[in-house]
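Reading the structure
The lines below spell out each chain.
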Protein chains: 4
Amino acid sequence: MIGIIGSGVMGMSHVATLTGLGGAKVVAVSDPDAVRVAQAAALAGGAKVLSPEALIADPSVDAVIVVSPDAKHAEQVLACLAAGKPVLCEKPLATSLADGAAILRADAGRGLVQVGYMRRFDPDYVDLKQHLQAGGAGDPLLIRMIHRNATAPAFMVGTQGITNSMVHEFDILRWLIGEEILRIRVQTPRAAKQGGLIDPLLAVAETASGILVEMENSGNVRYGYDIRTEILGSAGALMMAARPATRRQTAAGEVISHPADFTQRFADAYRIQFQDWIAALAAGKTKGAGSNAWDGYVAMAVAEAGVAALQSGDWADVSLPTQF
Amino acid sequence: MIGIIGSGVMGMSHVATLTGLGGAKVVAVSDPDAVRVAQAAALAGGAKVLSPEALIADPSVDAVIVVSPDAKHAEQVLACLAAGKPVLCEKPLATSLADGAAILRADAGRGLVQVGYMRRFDPDYVDLKQHLQAGGAGDPLLIRMIHRNATAPAFMVGTQGITNSMVHEFDILRWLIGEEILRIRVQTPRAAKQGGLIDPLLAVAETASGILVEMENSGNVRYGYDIRTEILGSAGALMMAARPATRRQTAAGEVISHPADFTQRFADAYRIQFQDWIAALAAGKTKGAGSNAWDGYVAMAVAEAGVAALQSGDWADVSLPTQF
Amino acid sequence: MIGIIGSGVMGMSHVATLTGLGGAKVVAVSDPDAVRVAQAAALAGGAKVLSPEALIADPSVDAVIVVSPDAKHAEQVLACLAAGKPVLCEKPLATSLADGAAILRADAGRGLVQVGYMRRFDPDYVDLKQHLQAGGAGDPLLIRMIHRNATAPAFMVGTQGITNSMVHEFDILRWLIGEEILRIRVQTPRAAKQGGLIDPLLAVAETASGILVEMENSGNVRYGYDIRTEILGSAGALMMAARPATRRQTAAGEVISHPADFTQRFADAYRIQFQDWIAALAAGKTKGAGSNAWDGYVAMAVAEAGVAALQSGDWADVSLPTQF
Amino acid sequence: MIGIIGSGVMGMSHVATLTGLGGAKVVAVSDPDAVRVAQAAALAGGAKVLSPEALIADPSVDAVIVVSPDAKHAEQVLACLAAGKPVLCEKPLATSLADGAAILRADAGRGLVQVGYMRRFDPDYVDLKQHLQAGGAGDPLLIRMIHRNATAPAFMVGTQGITNSMVHEFDILRWLIGEEILRIRVQTPRAAKQGGLIDPLLAVAETASGILVEMENSGNVRYGYDIRTEILGSAGALMMAARPATRRQTAAGEVISHPADFTQRFADAYRIQFQDWIAALAAGKTKGAGSNAWDGYVAMAVAEAGVAALQSGDWADVSLPTQF
């Protein structure tokens with residue numbers, strides 16, 4: 001029995017996805033917006049509407065999904081930990097490394113926290129990783145990750161291209177190659193900057209074994225949502241599958257649509273992530289196969305280095321605590 | 001509460017899919033193979049094991065999925081109709097037009113029968129149809145449908161490339177363009193014929209408005225499962241999305257995998273078909289948005305014409321009853 | 001030293017291509033249109049302007065290219081044969097089989113005639129044939145050839161989609177597989193017919209060994225010139241390379257242009273065809289590696305069968321003389 | 001009448017290409033290797049064999065192509081300038097900036113020097129530039145250029161991935177966007193380095209208006225020669241056409257070949273470059289539309305900065321003289 005904190009676009013989407021899955025039921029929802037939370041409750045087939053605190057405490061709620069504004073994540077995750085309940089928190093895990101460290105300490109030895117880096121469940125990334133591990137392309141040398149949004153939402157400002165969007169690349173890169181990012185550089189073309197958002201961004205990261213990783217993060221490419229990952233290895237290269245749609249060939253030429261946004265592109269990933277989490281909890285585990293609290297913390301630490309690098313114009317080292 | 005008759009590969013796959021979905025539960029299974037049916041019951045989380053008759057009659061079973069051998073379909077669907085229970089039957093609906101007509105009569109005015117032509121729920125076909133209806137490519141003139149299997153299963157013999165496989169094209173074509181197939185020709189290259197199966201097949205069909213449709217059905221292409229549909233219209237063309245996987249670039253060249261088989265290619269379609277059916281029944285309807293008994297009958301009638309055409313080497317008209 | 005009869009669009013294009021090549025010079029041109037022929041003469045760097053008869057007879061002309069209207073081909077090719085000069089004639093070789101047979105008789109034992117089926121020199125077709133002969137795809141079973149024009153020129157009427165356009169498929173098919181077409185069926189969708197042209201056309205041909213070949217010929221697809229050939233063999237499949245252009249990704253989606261027309265798509269093929277012909281003549285041969293008079297005759301004979309098939313609605317056998 | 005200095009693989013290829021073109025003839029060749037130069041002379045249809053000095057001085061030689069080892073370029077280009085003859089020199093123009101400056105001074109006000117950056121004539125790059133200038137993608141912000149070789153030749157050692165290979169990117173980038181590169185960073189993954197060559201390389205350059213350019217140069221990717229250029233603009237993106245070959249679909253999956261090497265990929269570009277140069281000289285110009293001495297010098301200057309950047313691990317500014 002699941003409680004969901006947050007009834008925004010993504011929270012609502014999560015209610016819909018979970019309602020279509022077996023093995024779990026959304027029994028409680030929470031959101032300060034009375035209209036939206038009522039819609040979420042109805043969509044869940046009659047869930048209770050509670051405050052975050054009451055939802056976490058409610059005895060009918062066995063596990064919690066946190067999809068509230070970023071600034072509330074840490075507090076609510078800590079409350080779940082205090083209540084001893086499994087929690088799946090949307091990224092980022094927190095908005096300060098101090099809060100992230102507090103979660104690490106509270107979760108140490110328990111493993112109740114999962115962070116919603118859904119790409120780890122995307123069939124295309126899974127296929128890419130399997131081919132990388134099969135070894136036909138040799139050892140990875142250069143990796144290229146492109147992350148493009150058609151239009152950045154208005155709440156994205158300043159360096160959020162790094163802290164809110166490129167964090168996906170930080171997490172999935174670590175999962176793909178199984179090693180840490182040591183340092184990073186981030187630049188923006190001089191003429192760029194759309195509204196208050198520093199955009200687009202071009203980053204180069206270096207990993208523990210010396211792999212170089214180019215990452216592009218763009219918020220306003222207009223033509224669609226476009227996610228690409230390519231690995232050049234010592235014996236060949238791997239290129240993740242694209243997700244094309246119907247080709248329309250008219251007097252205008254041949255037109256192919258890209259997915260409109262991440263909800264369309266990663267619908268499978270979200271569904272599989274929830275199925276995995278529900279099955280894991282049903283099997284008595286404390287979390288699913290997704291990112292844990294440490295993964296969530298590391299993505300934040302790399303993002304902090306990225307912001308520093310963008311400001312200094314030089315490399316910034318990623319600082320990871322050996323204890324906390 | 002659902003009962004499933006048949007615990008073969010596909011029946012087992014349906015149990016697994018349904019168990020992952022919300023809103024329904026598999027409560028009873030049936031199969032003459034004691035080992036397999038026990039596995040199916042366990043996979044469903046403890047379903048009853050019953051004979052087909054007992055399963056259909058069981059008060060805990062609200063709706064039935066028939067995934068038994070083709071020769072049993074008609075009898076079991078008729079038993080469901082006699083019991084007044086919604087039934088989702090795998091294609092083909094029956095193995096004789098007489099049996100198909102008996103189902104049509106029994107289902108007349110009730111609409112309890114759905115046939116498992118899952119492609120109608122495939123996101124790629126849905127996208128293709130939306131673009132066709134949007135009109136940018138004009139009115140359809142020529143349609144090309146390619147249906148290739150890596151390896152035909154051993155049970156496929158004789159003209160089953162038409163009656164068991166090309167029926168998918170017959171159904172999805174009617175759904176795409178909303179009109180009937182009037183006549184059909186089917187040929188096989190002289191040198192072909194793999195084992196007992198007449199394979200590959202090249203068909204040309206003509207529809208009520210004079211659209212020409214080329215259909216290829218191949219059982220043994222080795223490289224994977226490959227489904228393509230292309231529409232040439234009076235103002236352009238539409239080509240359904242392909243489903244590529246990771247590209248591997250090695251000394252052997254650039255290699256792209258195709259899906260292994262239909263279960264991989266149409267996993268989304270099966271899942272969405274079941275979600276739609278369950279939601280429709282929950283909403284008090286007698287079936288989902290998929291093919292009805294009439295659609296199932298028409299696909300059989302076109303297949304019968306196709307078999308006749310293959311044997312005569314000439315056109316065969318599709319004969320559809322105006323009453324039954 | 002080359003003479004070119006015909007200064008239409010294609011004749012002019014041939015002058016330009018030849019002027020850019022080494023080893024030969026266009027020394028004479030002929031066309032009833034005084035303005036165009038003067039342009040052609042200037043483009044060739046000061047060629048003589050002559051009547052067709054005078055051009056063929058001119059001692060400075062060593063070899064002739066016939067690119068006049070179809071109805072003049074036979075008469076001019078026969079005049080070249082009478083003069084004992086190599087001739088490269090645009091397709092079709094003649095407009096009646098009787099004229100074609102007259103050319104066969106006049107060229108027998110001499111081999112002075114080449115027909116301008118330029119696709120045999122196209123790098124993509126050459127690559128496809130090499131892969132077919134390499135055998136990885138096994139023996140060919142089904143072949144699919146698509147031939148689409150953006151807009152049919154006004155002079156194309158009636159059955160010229162077969163006699164003037166699909167003849168390219170007849171020739172290149174024979175070259176690919178090295179065997180004859182025995183019979184053919186041709187249909188047009190009922191609603192089609194653009195202006196006076198019967199369009200589009202869907203043909204199915206059967207070859208000597210029983211290979212089935214589907215051929216589409218479309219004159220008005222709007223989106224560009226699109227040539228595709230695909231071979232399904234007993235051990236796999238081959239798909240000829242496409243010729244894409246720059247991808248433009250804008251708010252309208254991702255747009256890819258196709259070549260505008262055959263001159264753009266087959267520019268390489270025309271150039272290589274002429275280089276090969278010039279080099280062959282320089283080496284003392286009577287023609288290059290392209291289609292000979294017999295190939296030109298066979299394409300006409302298949303086209304005649306195709307026209308008969310379109311009119312009868314049934315198969316038409318291809319009738320090839322064993323002597324002439 | 002053309003003289004060619006150098007009868008290595010590329011010199012021989014140039015003789016063959018020029019012999020197939022009209023409007024010019026290779027009348028003299030030069031190479032220290034007696035066997036190769038005799039082959040080149042024969043291939044040209046009987047050219048004189050001369051020393052470089054004699055070739056440049058020979059009255060029958062109107063223009064010179066320099067395709068000798070890099071270290072000889074400057075001396076031979078300067079000799080051509082002293083003789084007042086147009087010269088097309090393979091890249092790089094020289095092996096030291098001092099030599100490059102000497103050429104700039106000798107060529108000032110004359111424009112006799114063209115550098116063989118053939119990509120400026122490649123139809124795919126031309127198409128890309130036209131789309132960029134058409135403006136649909138807006139102003140360029142991020143550019144990504146990938147340059148991969150299947151196998152690096154043995155003579156490539158040390159930093160030649162920059163000075164001998166990535167110079168192509170430097171030149172074509174300036175041609176595409178019409179502005180200078182201000183500074184550059186170059187890195188290599190730690191584990192890389194194949195034989196004596198530092199490989200692969202990942203560079204980021206910044207242009208005068210602040211465009212960021214990522215450039216990958218790889219010498220040993222095994223799967224083929226792969227050239228890609230992608231431009232992200234303020235209103236969309238452009239992706240240069242790929243050059244695919246026949247798709248082979250067998251039990252091994254779907255395989256696509258890439259061009260084997262640059263001679264195959266850029267055969268059109270070389271041919272068009274020579275046709276343009278010959279036509280320009282015939283029209284009384286001193287060079288064709290390709291890169292001039294200044295372009296050749298700038299590519300060297302950017303390469304020098306690139307080498308410095310690779311060694312320092314930091315940005316290196318490109319230093320361009322305002323007078324020389």
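Residues numbered from 1 in each chain as written. Chains lettered and ligands numbered in written order. Predicted model: local features only at pLDDT ≥ 70, side-chain atom pairs only at ≥ 80, totals over all residues. Heavy atoms only, no water.

**Focus: the UniProt feature "domain: Gfo/Idh/MocA-like oxidoreductase N-terminal" (unreviewed entry) in chain A**
UniProt feature "domain: Gfo/Idh/MocA-like oxidoreductase N-terminal" (unreviewed entry): in the numbering of this structure it lies at residues 2–116 of chain A. This span, residues 2–116 of chain A, is 43% helix and 18% strand, and a straight line between its end C-alpha atoms measures 15 Å. (UniProt positions renumbered as here; feature names shortened; annotations may be inferred. Helix = DSSP H or I, 4+ residues; strand = E, 2+ residues; numbered from the N terminus.)

**Topic: the environment of A63 of chain C**
All names here are of chain C. Turning to its location among the elements, A63 is positioned in strand β4 (residues 63–66). Judged by relative accessible area, which is 2%, A63 ranks as buried. Counting along the chain gives 21 residues from A63 to G84, while the straight-line C-alpha distance between them is 9.3 Å. Setting aside residues no more than four positions away along its own chain, A63 makes contact with M1, I2, G3, P86, W277 and L281. (Buried < 20%, exposed > 50% of the residue type's maximum accessible area, 1.4 Å probe, protein only. Contact = heavy atoms within 4.5 Å.)

**Here we look at the relation of the copies chain B and chain A**
Superposing chain B onto chain A requires a rotation of 180 degrees together with a translation of 0.1 Å along the rotation axis, leaving an RMSD of 0.1 Å. The relationship between the two copies is best expressed as a two-fold rotation axis. Both copies share a contact surface, since 100% of the interface residues of chain B are interface residues in chain A too. (Least-squares fit on C-alpha atoms with pLDDT ≥ 70 in both.)

**Topic: the nonpolar core**
All names here are of chain C. Judged by nonpolar contacts, the single largest core of 72 residues is most densely connected at V64, V77, V113, F170, I184 and M215. Counting residues per element, this core draws most heavily on helix α10 (residues 293–312), which supplies twelve residues. When residues are assigned to domains, this core turns out to be shared by domain 1 (2–119 + 268–287) and domain 2 (121–266 + 300–317), each giving three or more. Discounting chain neighbours no more than four positions away, the residues touching V113 are V77, L81, V87, L93, I103, D107, K287, S291, N292 and A293. (Core = buried A, V, L, I, M, F, W, Y, C linked by side-chain atoms within 4.5 Å. Domains from an automatic or database assignment.)

**A short note on the packing of aromatic side chains**
Note on aromatic pairs: each is described by the distance of the centres and the angle between the planes. This structure, assessed with the given rule, holds eleven aromatic pairs over all chains. Consider the rings of Y225 of chain B and F266 of chain B, whose centres lie 6.2 Å apart with planes at 85 degrees: the pair is edge-to-face. In this pair, Y225 of chain B sits in the loop between β10 (212–218) and β11 (226–233) while F266 of chain B sits in the loop between α8 (262–265) and α9 (267–282), placing the two residues 41 residues apart along the sequence. Looking at Y225 of chain B, the relative accessible area reads 3%, which means it is buried. R185 of chain A extends its terminal NZ or CZ atom over the ring of W315 of chain A, reaching a point 5.7 Å from the ring centre. Over the ring of W315 of chain C we find R183 of chain C, and its NZ or CZ is 3.9 Å from the ring centre. (Phe/Tyr/Trp six-rings, centres within 6.5 Å; stacked < 30°, edge-to-face > 60°. Lys NZ or Arg CZ within 6 Å of the ring centre and 35° of its normal.)

**Let's talk about the interface of chain B and chain C**
Interfaces are often sized by the amount of accessible area the parts lose when they come together. Counting from both sides, the interface comprises 40 residues of chain B and, opposite them, 40 residues of chain C. Interface area for chain B against chain C, summed over the two sides, is near 3100 Å², with a carbon-plus-sulfur share of 55%. The largest contributions to the chain B side of the interface with chain C come from R144, Q187 and R190 of chain B, which together make up 17% of the buried area. Linking chain B with chain C are 16 residue pairs in polar contact (both at pLDDT 80 or more), by the criterion used here. (Buried area = accessible area lost by both parts, 1.4 Å probe. Polar contact = N/O pair within 3.5 Å; in protein donor to acceptor, adjacent residues only side chain to side chain.)

**Let's talk about the sheet that holds strand β1 (residues 2–5) of chain D**
Two pairing modes exist for strands in a sheet, parallel and antiparallel, and in both the strands are linked by backbone hydrogen bonds. Residue and element names in this part refer to chain D. In spatial order, the strands read β3-β2-β1-β4-β5-β6-β15; together these seven strands make up an open sheet with mixed pairing. Edge positions in the open sheet fall to β3 (48–49) and β15 (291–292), since each of these has one partner strand only. The pairing of β1 with strand β2 (residues 26–30) spans four bridges and is parallel. Looking at the pairing, G3 lines up with A28 of β2. (Pairing = 2+ DSSP bridges.)

**Re the interface of chain B and chain A**
Across the contact, 26 residues belong to chain B and 27 residues belong to chain A. Summing the contributions of chain B and of chain A, the shared interface buries around 2100 Å²; its carbon and sulfur component is 48%. When the buried area of chain B at its contact with chain A is split by residue, M239, T246 and Q249 of chain B rank highest and sum to 26% of it. If you look at where chain B meets chain A, you find zero salt bridges. Remark: the boundary between chain B and chain A carries six residue pairs in polar contact (both at pLDDT 80 or more). Elements that contribute at least two residues to the side of chain B that touches chain A include exactly α6 (123–134), β12 (236–239), β13 (247–250) and α9 of chain B. Of the residues in the side of chain B that touches chain A, the class split is ten nonpolar, ten polar and six charged. (Salt bridge = Lys/Arg side-chain N within 4 Å of Asp/Glu carboxyl O. Nonpolar A, V, L, I, M, F, W, Y, C, P; charged D, E, K, R; others polar.)

**Notes on helix α4 (residues 73–83) of chain C**
Restricting attention to buried positions, one finds in α4 of chain C the residues H73, A74, Q76, V77, C80 and L81 of chain C. Phi turns positive, to about 70 degrees, at G84 of chain C, one or two residues after α4 of chain C.

**What to know about the domain arrangement of chain A**
Residue and element names in this part refer to chain A. Each assigned domain of chain A is listed here: domain 1 (2–119 + 268–290) and domain 2 (123–265 + 300–317). Relative to domain 2, the C-alpha centre of domain 1 lies at a distance of 26 Å. Domain 1 puts 15 residues into the contact, and the matching count from domain 2 is 17 residues. Summed over both partners, the interface of domain 1 with domain 2 buries about 1500 Å², with 62% contributed by carbon and sulfur atoms. Counting every contact that joins domain 1 to domain 2 gives one salt bridge. Among the salt bridges present, the one from E169 reaches R119, with a minimum N-O distance of 2.8 Å. Here domain 1 is connected to domain 2 by five residue pairs in polar contact (both at pLDDT 80 or more). At three residues, helix α9 (residues 267–282) tops the list of elements feeding residues into the side of domain 1 that touches domain 2.

**Regarding the packing of α4 of chain C against helix α5 (residues 97–107) of chain C**
Residues and elements named next belong to chain C. Relative orientation of the contacting elements α4 and α5 amounts to 10 degrees, with a least axis distance of 10 Å. With respect to each other, α4 and α5 are oriented roughly parallel. Contacts from A74, V77, L78 and L81 of α4 reach α5 at D99, A102, I103, A106 and D107. Each residue belonging to the contact of α4 with α5 can be placed in one class, and the counts come to seven nonpolar, no polar and two charged. (Axes fitted to C-alpha atoms, helices over the stretch in contact; angles between N-to-C directions. Parallel < 35°, antiparallel > 145°, perpendicular 65-115°, else oblique.)

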